[in-house]
Amino acid sequence: MAPKKEGKLKASAPPRAAQQIPNWPAFTPLIPESDLSLQEALPGQIVTIPNFFTATLCKNYVSFLSGLPLTTTPGKPKKGDAVRVNDRYQIDDPAFAERLWSGTSLKNLVTGVVAGEGLNLSDHQRKELWGGEVIGLNPNIRIYRYSKGQFFDQHYDDSNNVFVPGSPPIPGRTTWTLLLYLTSPATGCVGGETVFYPDPPKKKSREPQPEPFVVGLETGLALLHKHGADCMLHEGREVLQGEKWVIRSDLCVKR
Ligand SMILES: O=C(O)CCC(=O)C(=O)O
Ligand SMILES: [Fe+2]
C-alpha cells in the first residue's frame, strides 16, 4: 500500500486573519531542567522526555484547550490522505512556539546546554541526530482531542519549510515531530497509544517481521520522532475510554 502522508491533510481551519491567538496559560509549575533528560527510546528515531509537563500543568492545559474552537475531522479523506478522526485546533503562533521552545527545558535539552542531558552527545552527533542545527519549533501549533472511538490511521509525517520565530524570522526546515501528551491512563484515558512500525525486512530475507514499537500515553511526556524521508510508519491507536489530548509541533533546523 502506498504510504499515506499526513502532511497532505488540510484541516478545515478558518482563514488565518480571522483566527484569534489563544491566551495560553503560563508554563507553571515545571520540573527543573536539571531533573529532566532526553531518553533514546528507539536509537536515531524516537526520543522522549518524561515529565516534560507536570500533571498539574497538563490538567490546566486540558481545561484551557477545551475552550478552544476545535473542529472534528471531516469523515472521508481525499484519496491518498491518512484517515484521521479527531478534533483539532490549528494556529500559526510564533510567540507560543518560542515559549514552548525557550520557556521550557526543551531548548536546553535538545541543544545540549543541560549538563548530562541524557544522551551525552558530541556537537557533531547532536547535529547528526536532529538533522542539522536546531533553531526552534514550527510556529504551526496543532491541538488534538481524541474521544472514545477516535484515532489517527497509519501515515508518515512530512518535513516542511517554515519560518522559525526570531526577529527577523529564520528560514527553517522541520526534521522531527513533537507530540506532547497531556493525558494518560492516570487521567482516565485508555488506548490512544502511538505505535511505530519498523520497515519490514526485504522480500527474500529470512528475518522475522519486526515488532511494532508502542508508546503508551504518559501524562506530560514529550515524544520526538524523526520525520520526512526517514519517518517511520506510525499511528495513533483508537481511544477506548476517556479523552486523549496532544499538543503537536515540530523541531526545526536551519535551512
Ligand atoms: O496522536 C498521536 O498519537 C499521533 C499523532 C500523529 O501521528 C501526528 O500528529 O502526525
Ligand atoms: Fe504523525
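How each quantity is defined
Residues numbered from 1 in each chain as written. Chains lettered and ligands numbered in written order. Predicted model: local features only at pLDDT ≥ 70, side-chain atom pairs only at ≥ 80, totals over all residues. Heavy atoms only, no water. Near = heavy atom within 4 Å. Polar contact = N/O pair within 3.5 Å; in protein donor to acceptor, adjacent residues only side chain to side chain. Areas by Shrake-Rupley, 256 points an atom, 1.4 Å probe, with all protein chains shown as cover. 1 Å grid on protein atoms, 1.4 Å probe; cavity = no way out; pocket = protein on both sides within 12 Å on 5 of 7 lines; lining within 4 Å. Sits in = over half its atoms within 2 Å of the grid points. Helix = DSSP H or I, 4+ residues; strand = E, 2+ residues; numbered from the N terminus. Pairing = 2+ DSSP bridges.

S.K.: What am I meant to see in the site of ligand 1 here?
M.R.: As a structural note, the neighbourhood of ligand 1 is formed by 12 residues, with Tyr144, Tyr146, Thr194, Lys244 and Arg248 the closest of them. At a separation of 2.6 Å, an oxygen atom of ligand 1 approaches a polar side-chain atom of Tyr144. Considering ligand 1 on its own, with 290 Å² of exposed area, one finds that the protein chains cover 100% of that surface. Among the cavities detected, the one that contains ligand 1 is the largest cavity. Contributions of two or more residues to the shell around ligand 1 are made by strand S7 (140-146), strand S8 (151-155), strand S15 (233-236) and strand S17 (244-254).

S.K.: Would you explain the sheet that holds strand S4 (residues 84-85) in this entry?
M.R.: By way of backbone hydrogen bonds, the strands of a sheet pair with one another, either parallel or antiparallel. Pairing in this open sheet of five strands is antiparallel, and the strands run S4-S8-S15-S12-S13 from one edge to the other. Each of the sheet's edge strands pairs with one partner strand only, and the pair in question is S4 and strand S13 (213-215). Inspection of the sheet shows strand S12 (residues 194-197) paired to S13 by three bridges, in the antiparallel sense. If you follow Thr194 over to S13, its bridge partner there is Val215.

S.K.: Would you mind showing me how to read the pairing of S12 here?
M.R.: For a regular strand, side-chain orientation follows a simple rule: the groups alternate between the two sheet faces. Where S12 lies against S15, four bridges are found, and the strand directions are antiparallel. The partner of Val195 across the bridge, within S15, is Glu235.

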